[in-house]
Amino acid sequence: MTAHPPAATHRGRGRSRRAVAPFAAASVLVAGAALTGCGQQRDADVYTVMNSSTDESYHRWDAEAMARCGERLGVTIEQQSVPASQVMTKALRMASSKSLPDVVQFDASEMPTFADAGGLVDLRTLGLSTEDIPEGIVDFGSYQGTYYGAARSVNTLALFYNKDVLDRAGVEVPTTWAQLRESAEKLTQGRRYGLALSAGGAEDGVFQFMPFMWSNGGDETDLDGPRVVEALDYWKGLLKDGSLSKSTVNWTQADVNDQFMAGNAAMMINGPWQVETLNSDKSLHWGIAPIPVPETGDDSVGPLGGAVLTVPNTGDEAREKTAGKIVACLSSEQEQLTYALNSWMVPANAKAAAVWRERVPELDSLADQVAVARSRTAKLGAGWSSVSLALQSAFQSALTGQSSETALKRAQQRATSGN
């Protein structure tokens, strides 16, 4: 969905389905524990950053960045990496024992849970500026108008296509829904499907549905609205045509990439976290384009994915101030550019993004997508998790036979009631 290492979504990423701590329970834990101060003595010159950089490459890149920032600030910065699916749970446990780290990197879709309970410090009060950050990315790290999370890089989804397959079939890169459906049907031959996407019962599937829902004018506060129904019907149409595998209801975004690389899909919806893997196959000639829109002239609006660096409210103002400087350093223009060039993500800082475009022109269209992308939690904040779970259930029902209207009506009821 979700991104940090490929194991985490946001963002868009392929992460495993997990139990989500009930929002009310999380609020009690954070409010009752995190705000009562540190429960342990800490080395004055040693600071801890908890993140989800369990992948060797990401862990190394982060360690190098922390070493550089530690040297500039005259402190030692230690990295504590846990799987992305465990960051929130781990942070809640640490809050209850008053042992929170100085900086926590949350998936942006999870950050509002801590922020709502008063568990995070307003980064602007710690001196961080949002001057060179696009509004959509500021919103990405904000909750109810307060800036709690600084993104180093962001990502979104795009259409990846096999250049050789499209060329042989005489198919142009589609730009509208009608063209995508026609092209996908034409490209479906033998064991190869025209398109691969993730519609699984996890955040990956929701992340992939957002460009279709939002570009069609759908809204997360009205899941059974006609625009959302149309978007899900479009997915059902692709499945009915045979252009999507029936297994799409079980695939993560990592699975989708595997199918594309194996030659089992001519096109796929995916994100830049797959680029390193795609480039490992020198015989695969791939291209990237914006996700097609309902009609020519519509904006292709995808979800912003990625993680944000936050400063937990521990009650130790001196440490919080230094933690803010660590966040500022890690999210500085130069550090963002270095991280983005390593990870293929798009820098959050507009100036760094401009340089990034020049360095990786093959991903230029991805930067265009990021410029108009939206945060999943901008409207709903901590309430996003209920909507996500409701949509996951709706995909499973609609793509296995139930009408989109019925599935989404149930989803809206679930999102509203929390059941």
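Anyway, here's the lowdown on the structure attached to this text. Everything numeric in this text was worked out from a predicted model, so none of it was measured.

Analysis parameters
- Here the residue index of a chain counts from 1 through its sequence in written order.
- Two thresholds apply to this predicted model, a pLDDT of at least 70 for residue-level local features and 80 or more for giving and counting side-chain atom pairs, whereas whole-chain, interface and lining totals are computed over all residues.
- Side-chain figures throughout are based on the complete set of non-hydrogen atoms in the structure, without hydrogens or water.
- Helix and strand labels come from DSSP, where a helix needs a run of H or I of at least four residues and a strand needs a run of E of at least two; each type is numbered from the N terminus.
- For helices, the fitted axis covers only the stretch in contact; all axes are lines through C-alpha atoms, and the angles between them, taken along N-to-C directions, range from 0 to 180 degrees.
- Between 65 and 115 degrees an angle is taken as roughly perpendicular, under 35 as roughly parallel, over 145 as roughly antiparallel, and anywhere else as oblique.
- Whether a crossing is left-handed or right-handed is set by the direction in which the near helix is turned from the far one by less than a right angle, anticlockwise for left-handed and clockwise for right-handed.
- Here, two residues are considered to be in contact whenever any of their heavy atoms come within 4.5 Å of each other.
- In the scheme used here, Gly and all other residues not listed as nonpolar or charged are polar, with Ala, Val, Leu, Ile, Met, Phe, Trp, Tyr, Cys and Pro taken as nonpolar and Asp, Glu, Lys and Arg as charged.
- Put simply, a nonpolar core is a bunch of buried Ala, Val, Leu, Ile, Met, Phe, Trp, Tyr and Cys residues held in one set by side-chain atoms that sit within 4.5 Å of each other.
- The cut-offs for exposure are 20% and 50% of the maximum accessible area for each residue type, with area from a 1.4 Å probe on protein chains only; residues under the lower value are buried, those over the upper are exposed, and the others partly exposed.
- The start and end points of each domain follow an automatic or database-based domain assignment.
- At least two bridges found by DSSP between two strands are what make those strands a pair.
- When a carboxyl oxygen of Asp or Glu lies within 4 Å of a side-chain nitrogen of Lys or Arg, that pair is called a salt bridge.
- Count a disulfide wherever a pair of cysteine sulfur atoms falls within 2.5 Å.

This next bit is on unusual backbone geometry. With a phi close to 55°, Lys-98 is a non-glycine residue in the positive phi region. The topology assignment puts Lys-98 in the loop between helix H3 (87-96) and strand E3 (103-107). One non-glycine residue, Gln-144, lies in the positive phi region at around 50°. Residue placement: Gln-144 occurs in the loop between strand E4 (142-143) and strand E5 (146-147).

At a minimum axis distance of 9 Å, the contact between helix H9 (residues 226-241) and helix H17 (residues 404-417) shows a crossing angle of 130°. Here H9 is positioned oblique relative to H17, judged by the angle of their axes. Read as a crossing pair, H9 and H17 show a hand that is right-handed. Listed contacts from H17 to Val-228, Val-229, Leu-232, Asp-233 and Lys-236 of H9 are Ser-404, Glu-405 and Leu-408. Counted by class, the contact of H9 with H17 contains four nonpolar, one polar and three charged residues.

With that settled, the discussion passes to the nonpolar core. Side chains of a nonpolar character, in soluble globular proteins, are inclined to be buried together. Of all hydrophobic cores here, the largest spans 74 residues; its most connected members are Phe-106, Phe-114, Trp-286 and Trp-356. With six residues, the single largest contributor to this core is H3. A domain split of this core shows at least three residues from each of domain 1 (46-155 + 304-375) and domain 2 (158-301 + 380-417). Each residue touching Trp-286, except ones within four places of it in the same chain, is listed here: Phe-160, Tyr-161, Lys-163, Phe-260, Val-275, Leu-278, Asn-279 and Leu-363. Within the second largest apolar cluster, 54 residues are counted, among which are Leu-180, Phe-207, Val-249 and Val-387.

We now examine the sheet that holds strand E9 (residues 265-270). On the basis of which strands lie adjacent, the open sheet formed by four strands has the order E8-E9-E7-E10 and mixed pairing. The sheet is open, and its two edges are formed by strand E8 (193-196) and strand E10 (286-289), each paired on a single side. Across this sheet, the average inter-strand angle for adjacent strands is 20°, counted without regard to direction. Bridge analysis of strand E7 (residues 158-162) against E9 gives four bridges, and the strand direction is antiparallel.

One open sheet holds the four strands; their spatial order is E2-E1-E3-E11, and the pairing between them is mixed. The sheet is open, and its two edges are formed by strand E2 (76-81) and strand E11 (307-310), each paired on a single side. Adjacent strand axes in the sheet meet at a mean angle of 20° when their direction is disregarded. Where strand E1 (residues 46-51) meets E3, two bridges bridge the pair, whose relative direction is parallel. Of the residues in E3, the one forming a bridge with Met-50 is Val-104. Where helix H2 (residues 56-73) meets the sheet, it contacts E1 and E2, and its direction lies at approximately 160° from that of E2.

Residues Ala-307 and Leu-309 of E11 are buried on one face, and the alternating residues Val-308 and Thr-310, pointing to the opposite face, are buried as well. In the sheet, E3 pairs with E11 via four bridges, with the strands oriented antiparallel. Counted as the bridge partner of Asp-107 is Ala-307 from E11.

So, on to the pattern of salt bridges. For the structure on display, the rule yields 14 salt bridges. Between Lys-351 and Asp-132 there is a salt bridge, with its nearest N and O atoms 3.9 Å apart. Of this pair, Lys-351 sits in helix H14 (residues 350-359) while Asp-132 sits in the loop between helix H4 (111-116) and helix H5 (135-140), and the two are 219 residues apart along the sequence. Residue Lys-351 is classed as partly exposed on the basis of its relative accessible area of 46%. Asp-132 gets classed as partly exposed once you look at its relative accessible area, which sits at 26%. A salt bridge links Asp-241 to Arg-181; the nearest nitrogen and oxygen atoms lie 2.6 Å apart. Of this pair, Asp-241 sits in helix H9 while Arg-181 sits in helix H7 (residues 177-187), placing them 60 residues apart in sequence. What makes Asp-241 partly exposed here is its relative accessible area of 25%. Residues joined by salt bridges that share partners form a network here, namely Arg-68, Arg-72 and Glu-335.

In the structure shown here, the tally under the stated rule is one disulfide. Put simply, Cys-69 and Cys-329 are joined by a disulfide, and their sulfur atoms are 2.1 Å apart. Taking the torsion about the sulfur-sulfur bond, which here is approximately -90°, the covalent link between Cys-69 and Cys-329 counts as left-handed. Placement of the pair is Cys-69 in helix H2 and Cys-329 in helix H12 (residues 317-330), with a sequence separation of 260 residues. Here the two residues Cys-69 and Cys-329 agree in accessibility, since each one is buried.

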